[in-house]
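# Structural description and commentary
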Amino acid sequence: MNPQNPEHAHQTIESVARESYGRLIAFLSARTRDVAGAEDALGEALITALTSWPRDGIPQNPEAWLLTAARRRLIDRARHERVHAESAPTLEIIAEERPDGTTPDPIPDERLKLLFVCAHPAIDPDVHTPLMLQTVLGLDGAAIARAFLVSPTAMGQRLVRAKMKIRHAGIAFEVPELHELPQRLEAVLNAIYAAYGSGWEDAAGTDPRARGLADEAIWLARVLKDLLPDDPEVRGLLALMLHCEARRFARRGKDGEFIPLSDQDPELWITPMIAEAERELVAAARMARAGRFQIEAAIQSVHAERAHSGHTDWNAIAVFYEQLVHLSPALGARVGRAAAVAEVKGPESAFGLLDELDHDAVSTYQPYWAVRAHLLRELHRDREAADAFDRAIGLAEDDAVRRFLLERRGR
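Small disclaimer: the values here were computed from a predicted structure and weren't measured. (Residues numbered from 1 in each chain as written. Predicted model: local features only at pLDDT ≥ 70, side-chain atom pairs only at ≥ 80, totals over all residues. Heavy atoms only, no water.)

### Re the overall build of the protein chain
- Helices and strands together make up the secondary structure of the protein chain, namely 21 helices and zero strands.
- Of all intrachain contacts in the protein chain linking residues separated by at least 6 positions in sequence, the fraction that spans at least 24 positions is 66%.
- Total accessible area on the protein chain is roughly 20,300 Å²; 51% of this is exposed by carbon and sulfur atoms. (Helix = DSSP H or I, 4+ residues; strand = E, 2+ residues; numbered from the N terminus. Contact = heavy atoms within 4.5 Å. Areas by Shrake-Rupley, 256 points an atom, 1.4 Å probe, with all protein chains shown as cover.)

### Examining the packing of aromatic side chains
- Taken as a whole and judged by the stated rule, the model has five aromatic pairs.
- On the numbers, 5.3 Å between centres and 75° between planes, the contact of Trp-53 with Trp-65 is edge-to-face. Placement of the pair is Trp-53 in helix H2 (residues 35-56) and Trp-65 in helix H3 (residues 62-79), with a sequence separation of twelve residues.
- Look at Trp-65 and you get partly exposed, because its relative accessible area is 23%.
- Centre to centre, the rings of Tyr-196 and Trp-200 are 6.2 Å apart; their planes meet at 20°, and the pair counts as stacked. Here Tyr-196 pairs with Trp-200, and both are found in helix H9 (residues 182-201), just four residues apart, close to one helical turn.
- Over the ring of Trp-200 we find Arg-251, and its NZ or CZ is 3.5 Å from the ring centre.
- The ring of Trp-369 has Arg-391 lying over it, and the distance from NZ or CZ to the ring centre is 4.1 Å. (Phe/Tyr/Trp six-rings, centres within 6.5 Å; stacked < 30°, edge-to-face > 60°. Buried < 20%, exposed > 50% of the residue type's maximum accessible area, 1.4 Å probe, protein only. Lys NZ or Arg CZ within 6 Å of the ring centre and 35° of its normal.)

### Re helix H15 (residues 314-327)
- Look at H15: 20 Å from first C-alpha to last across 14 residues, which is about the 20 Å you get at 1.5 Å a residue.
- Considered for burial, the residues of H15 that qualify are Ile-317, Ala-318, Tyr-321, Leu-324 and Val-325. Take H15 and look down its axis: the buried residues cluster within an arc of 120°, on one side only. Within H15, the exposed residues directed more than 90 degrees away from the buried face are Asn-315 and His-326.
- The inward-facing, buried residues of H15 contact helix H13 (292-304) and helix H16 (331-345).
- Sitting at the amino-terminal end of H15 is Asp-313, which places a side-chain oxygen 3.3 Å from the backbone nitrogen of Asn-315. (Expected span 1.5 Å × (residues − 1). Arc of directions from axis to C-beta. Polar contact = N/O pair within 3.5 Å; in protein donor to acceptor, adjacent residues only side chain to side chain.)

### What to know about the confidence of the model for the protein chain
- Across the protein chain, the average pLDDT comes to 85, with 89% of residues at or above 70.
- By mean pLDDT, helix H4 (residues 84-91) is the weakest element of the protein chain at 50, and H13 is the strongest at 98.
- Note that residues 98-107 has pLDDT below 50 and, in this model, 18 contacts with residues that lie over four places away or in other chains. (pLDDT = per-residue confidence, 0-100.)

Dropping the structure here:
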C-alpha cells in the first residue's frame, strides 16, 4: 500500500461502506449470531480505516481489509468473555482466515439468509421489515423511522431489542425449511421492495448508495426466485421492479426536470427489461394464485403497453386497482385507485374515494395531496386546489418534483 491523499482515502472508505455494508454485516453475523456485535465490530473497523488508509494507503481489496479488521475485533471481544461457551461461535471465525491473514475473495453473500433470520417469528412482526432494511440493506435509521411514521428514537429502540433477541434467543442463521417460508416470506418481499423504493426515489442519481439499493433489490429478488421458483409473488415482485427500473432514464428531462409517467417517451424505456418483466408476470399468472405484487406488476404492464399501442388502457388499470385494494388496502393503493378512477369516470367520482381516507393517515402523505390538487383543479375549485398544491409541494423531498408541482400550481 502507498500513502494516499486523505480526501481520496476517505471517499474510498465511504464508497466501500456504502456498497458493502450489508454483505459484511450478513457475513459476520451469520457466524456469530450477534447482529449488534457485528455492527459494532464493523464500525470500529471503519474508524480504524479512517486513520490507517490515509497514512498507509488504500488496500488492494478494501472490502476484505474491513472484513478482516472486523473479525479481529470480534475475536478480541470473544476472548474477553468470561463464559467460553458464549465465545466459541465467534472464535470459530479464526479458522476461516488464511495463514497470511487475508480473507477469501469474493466474500460469500449471506444477505438473503439474514433477511429470513430477521423475519423469525420470535421477533416482533412490526420490526421485521425495518430490521432488514437497516441490518441487511444498510438504510439509515432515521429514514426507516420516517417511512414507518414513528420517531427515530422509538424505531431505534425497536431495532436494538430485535437484535438482542437474535443473540439471546439463539435464533438460527439459516434459510427456513420450505414449510416455514410462508410465514416469513411476506416480510422479506416487503423489505426488498422497500429497499428498491429507496433507490427509485433518487431519480436524479445524485445518491450512489440509493442507486446501488435498486440494483441490490433486483439482485436479491432474482436469488429469491432461484430459491422459490414456484412462488408467484416472488416473480410478481421481480416483474414489478423490472417494469419500474425500465423507465428510470425516462423520468428526467435534459435539464433534470421531472417527467410524469403519462408524459414519458416510451422510446427511452429499456425494452429487454420490460420483456423480462413480462415473462416473469406470465409465469406468475400461470400459477393462478394472485397476490399484491402480481397485481402491482400488472398495473405497470398496462402502462408499458403504451410503447406499442400509443395509449393507456385506464379501464384495465382501474380494474387492477380495485383488485389491489381488495387484497391489500394500503394507503398508496387507495390513492392510486382514485387517480385511475379519475381517468375513467372523471374527477368527481375519484374525489369521493379520496374523501373516504383517514384524515390523520393522509396528513403527511405527499402523493395524496398531489392527486387531490390535480382533481380539485379539474373541478375548478381553484382556491382548494392551490392549498392542496401547497401541501404537496411542502411534502415533496425531490427538488424536481417540487418544481413540477410549482409549475402546475402556477397554471
